[in-house]
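Overview (structure and organization)
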Amino acid sequence: HATTYGGTPLVCAVANRIFEVIERDRLADNARDTGASMKAELEQLAAQYPQVIRSVRGLGYMLGIELAENIPAFANTGKVASLNFVNRLHEAGVLTVPSGAQVVRFLPALNLTRAEAAEGVALIAGVVRAVA
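Computed from a predicted model, the values in this text were never measured in an experiment.

1. Some remarks on the environment of G78
Considering the arrangement of structural elements, one finds G78 in the loop between β2 (62–67) and α3 (81–92). Residue G78 is classed as exposed on the basis of its relative accessible area, which comes to 81%. Distance from G78 to V94, taken between C-alpha atoms, is 22 Å for residues 16 residues apart in sequence.

Given below as C-alpha cells:
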C-alpha cells in the first residue's frame, strides 16, 4: 500500500522466499533466544549504570533502552539524550536510531549471531561507561 512495487508478482515471490529462509534457518527462534540474552545483558548494564540507563524493554530483537534524565555528558549540547547517545554509538560502530527524546531503539537483522550480538552489547557498554 503506498508503494510502486507493492504486491507485484515479483515482490510476492521474493516475500515467499524470504519466509522460507526465515523458517529454514530458524531465524525467529534465533531472534527470540539471542534477543533474550541481549536484553538480559542490557538489563545488567542498566543496573550498573542507572545514571545512564533508566530501563530496557522489548521482545526478541526489538529492543530499546530508555535513557536516564539529565545525563551530565549530554548537558549543553542542544540535542536530546537519545540523539547524543546514538551519535556516540555510531562513533563506536553500532548503527541504530533514536526513538523519541529518551529512547534508543535496536532492531538488528534476524540472522545476527550470538557472537555478533555479544560484540554489539560490548560496544554499547563502552558507550554507557564513557557517558556515565
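2. As for the pairing of strand β4 (residues 103–106)
Pairing between β2 and β4: 4 bridges, direction antiparallel. Directly across from E66, in β4, lies its bridge partner V103. Here strand β3 (residues 97–98) runs beside β4; their pairing, made up of 2 bridges, is antiparallel. The partner of P98 across the bridge, within β4, is V104. Hairpin connection between β3 and β4: a loop of 4 residues separates the two successive antiparallel strands, and G100 in this loop has a positive phi of roughly 90°.

3. Here we look at helix α4 (residues 114–131)
Taking 1.5 Å as the rise per residue, α4 with 18 residues should run 26 Å; its terminal C-alpha atoms sit 26 Å apart, in good agreement. What α4 keeps buried is the set A117, G120, V121, I124, A125, V127, V128 and V131. Projected onto a plane normal to the axis of α4, the buried residues spread over an arc of 160° and lie on a single side. What points out from α4, more than 90 degrees from its buried face, is the exposed set A115, E119 and A130. As for α4, its buried residues are in contact with α2 (27–48), β1 (53–59), α3 and β4.

4. Remarks on the nonpolar core
V52, I65 and F85 are the most contacted members of the largest nonpolar core, which totals 30 residues. Secondary structure elements with two or more residues in this core: α2, β1, β2, α3, β4 and α4. Ranked by residue count, the leading element in this core is α4, at 7 residues. Not counting residues up to four positions away in its chain, the partners in contact with V52 are E66, L67, A68, I71, F85, V128, V131 and A132.

5. As for a nonpolar patch on the surface
Taken together, L10, V14 and I18 make up a surface patch of nonpolar side chains, about 290 Å² in accessible area. The topology assignment puts I18 in helix α1 (residues 9–24).

The rules behind the values
- Numbering of residues starts from 1 in each chain and follows the order in which that chain's sequence is written.
- Local features in this predicted model are restricted to residues whose pLDDT is 70 or higher, and side-chain atom pairs enter the listing and the counts only when it is 80 or higher, whereas totals over whole chains, interfaces and linings include all residues.
- The side-chain numbers reported here are obtained from all heavy atoms of the structure, hydrogens and water having been left aside.
- Elements are defined by DSSP. Helices are runs of H or I of four residues or more, strands are runs of E of two residues or more, and each kind is numbered from the N terminus.
- Type-normalised accessible area, obtained with a 1.4 Å probe on protein chains alone, sets the label of each residue: buried when under 20%, exposed when over 50%, and partly exposed for intermediate values.
- Any two strands are treated as partners once DSSP identifies two or more bridges connecting them.
- Each residue after the first adds 1.5 Å to the expected span of a helix.
- Here the arc refers to the set of directions running from the helix axis out to each C-beta atom.
- We call two residues in contact when some of their heavy atoms are within 4.5 Å.
- The set of buried Ala, Val, Leu, Ile, Met, Phe, Trp, Tyr and Cys residues whose side-chain atoms join them within 4.5 Å is what this entry labels a nonpolar core.
- Distance thresholds for patches are 9 Å for like charges and 5 Å for nonpolar side chains (Val, Leu, Ile, Met, Phe, Trp, Tyr), applied to residues having over 30% relative accessible area and no salt bridge.
- Throughout, the Shrake-Rupley method with a 1.4 Å probe supplies accessible areas, and for residues the shown protein chains are the sole cover considered.
- Salt bridges are defined by distance alone: a side-chain nitrogen of Lys or Arg within 4 Å of a carboxyl oxygen of Asp or Glu.

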